[in-house]
Amino acid sequence: MRRERDDSGRYSETVSPEQVLALFTDTEPRTTSEVSESLEIAQKTAYNKLETLRDRGEIRKKNIGGLAVVWWRPNPNAEG
């Protein structure tokens with residue numbers, strides 16, 4: 001698969017953080033692998049997008065052992 005490059009030679013973004021966030025329509029946590037598979041992107045790309053969303057406070061992250069991580073969208077109506 002050939003990827004497009006922008007004017008500066010960098011690869012063009014094919015999936016935005018907002019497209020990743022749209023996967024979190026319920027309270028079910030997701031793994032990086034699940035996000036990667038759903039959007040057909042590399043796991044590293046999915047992880048980077050998820051980290052961006054976490055930095056913005058739009059999703060949360062929890063290590064569940066070893067390298068295993070789950071991500072979820074906090075309920076805006078919940079306290080804390």
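Look up a bit, the structure's there.
Quick summary incoming for the structure in this document. (Residues numbered from 1 in each chain as written. Predicted model: local features only at pLDDT ≥ 70, side-chain atom pairs only at ≥ 80, totals over all residues. Heavy atoms only, no water.)

## Considering helix α2 (residues 32-39)
Reasoning step 1: Within α2 the residues assigned to the buried category are T32, V35 and S36. Projected down its long axis, α2 shows its buried positions confined to an angular sector of 100°, all on one face. Exposed side chains of α2 directed beyond 90 degrees from the buried face belong to E37 and S38.
Reasoning step 2: Among the structural elements, α1 (17-21), α3 (43-55) and β2 (68-72) are those in contact with the buried residues of α2.
Reasoning step 3: Looking one or two residues past α2, E40 carries a phi angle of roughly 55°, positive in sign. (Buried < 20%, exposed > 50% of the residue type's maximum accessible area, 1.4 Å probe, protein only. Helix = DSSP H or I, 4+ residues; strand = E, 2+ residues; numbered from the N terminus. Arc of directions from axis to C-beta. Contact = heavy atoms within 4.5 Å.)

## Things to note about the pairing of strand β1 (residues 60-65)
As a general feature of sheets, a regular strand has side chains that alternate between the two faces.
Reasoning step 1: Relative to β2, β1 runs antiparallel, the two sharing 5 bridges. Counted as the bridge partner of N63 is V69 from β2.
Reasoning step 2: Turn length for the β1-β2 hairpin, with the two strands adjacent in sequence and antiparallel, is 2 residues, and the turn residue G66 shows positive phi of about 60°. (Pairing = 2+ DSSP bridges.)

## A look at the environment of T27
Reasoning step 1: Within the secondary structure, T27 sits in the loop between α1 and α2.
Reasoning step 2: Residue classification places T27 among the exposed positions, given a relative accessible area of 63%.

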